[in-house]
Amino acid sequence: MADKDTELSPTSPEVVPPPDSVREHPFELRHEVKRLNERLDQLTKALDKAEIRDIIENYSSVRRRLITNFIAGTARGLGLSLGTIVILALLAFILSQMVSLPLIGEYISQILDYVKASQGADTSGGTG
């Protein structure tokens, strides 16, 4: 009868120890999975923001790459040309204002005379 007392009744639950690989409580695992899902969501948002798909598509197509580089080069050239024109125009304006200064004015007026003479020589020499 002692054996019958130590046996489990059909209604009592049997306690099963967890496997060796899982020693954490199920709630801890659930929190870990939630943290991993949040991190994956952050990575997904970062990749979408970086537009990795567009970059890969752009570099996988040679034609697209050529068109993009051509447009970028044209824009750079146009920007450099316009920037140079603006800077030179400002410099010429500042120099023309300095012509009225006593010492610097004489030197600048000589330079302007040389420029006008060379422009006059180029325009008259090219028509003949």
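Conventions and cut-offs
- Residues numbered from 1 in each chain as written.
- Predicted model: local features only at pLDDT ≥ 70, side-chain atom pairs only at ≥ 80, totals over all residues.
- Heavy atoms only, no water.
- Helix = DSSP H or I, 4+ residues; strand = E, 2+ residues; numbered from the N terminus.
- Buried < 20%, exposed > 50% of the residue type's maximum accessible area, 1.4 Å probe, protein only.
- Salt bridge = Lys/Arg side-chain N within 4 Å of Asp/Glu carboxyl O.
- Patch = residues over 30% accessible without salt bridge, like charges linked within 9 Å, V, L, I, M, F, W, Y side chains within 5 Å.
- Areas by Shrake-Rupley, 256 points an atom, 1.4 Å probe, with all protein chains shown as cover.
- Axes fitted to C-alpha atoms, helices over the stretch in contact; angles between N-to-C directions.
- Parallel < 35°, antiparallel > 145°, perpendicular 65-115°, else oblique.
- Contact = heavy atoms within 4.5 Å.
- Nonpolar A, V, L, I, M, F, W, Y, C, P; charged D, E, K, R; others polar.
- pLDDT = per-residue confidence, 0-100.

Within the protein chain, the secondary structure is distributed over 5 helices and 0 strands. Listed by position from the N terminus, the elements making up the protein chain come as α-α-α-α-α. Among the 128 residues that make up the protein chain, the fraction classed as buried is 2%.

Once that is clear, we can look at the pattern of salt bridges. Opposite charge on two side chains lets them pair, provided their charged atoms get close. One pass over the structure, following the stated rule, counts 1 salt bridge. Residue Arg35 pairs with Glu32 through a salt bridge whose shortest N-O separation is 2.5 Å. With Arg35 and Glu32 both in helix α2 (residues 26–50), this residue pair falls 3 residues apart, about one helical turn. Look at Arg35 and you get exposed, because its relative accessible area is 52%.

A surface patch of nonpolar side chains, about 500 Å² in accessible area, is lined by Leu47, Ile52, Ile55, Ile56 and Tyr59. In terms of residue count, helix α3 (residues 52–60) provides more of the nonpolar patch than any other element does, 4 residues in total. Given the relative accessible area of 34%, Ile52 is considered partly exposed.

All right, on to the packing of α3 against helix α4 (residues 62–98) then. Two quantities define a packed helix pair, namely the angle between the axes and the distance from one axis to the other. For the pair α3 and α4, interaxial distance at closest approach is 5 Å and the crossing angle is 100 degrees. If you check the angle between α3 and α4, you find them roughly perpendicular. Contacts between α3 and α4 pair Glu57, Asn58, Tyr59 and Ser60 from the former with Val62, Arg64, Arg65 and Thr68 from the latter. Residues of the contact of α3 with α4, tallied by class, amount to 2 nonpolar, 3 polar and 3 charged.

Confidence along the protein chain averages 77 in pLDDT terms, with 70% of residues attaining 70 or more. Considering each helix and strand of the protein chain separately, the mean pLDDT is smallest for helix α1 (residues 2–6), with a value of 48, and largest for α4, with 91. Segment residues 1–6: pLDDT under 50, and 0 contacts once partners within four positions in sequence are set aside and those in other chains are kept.

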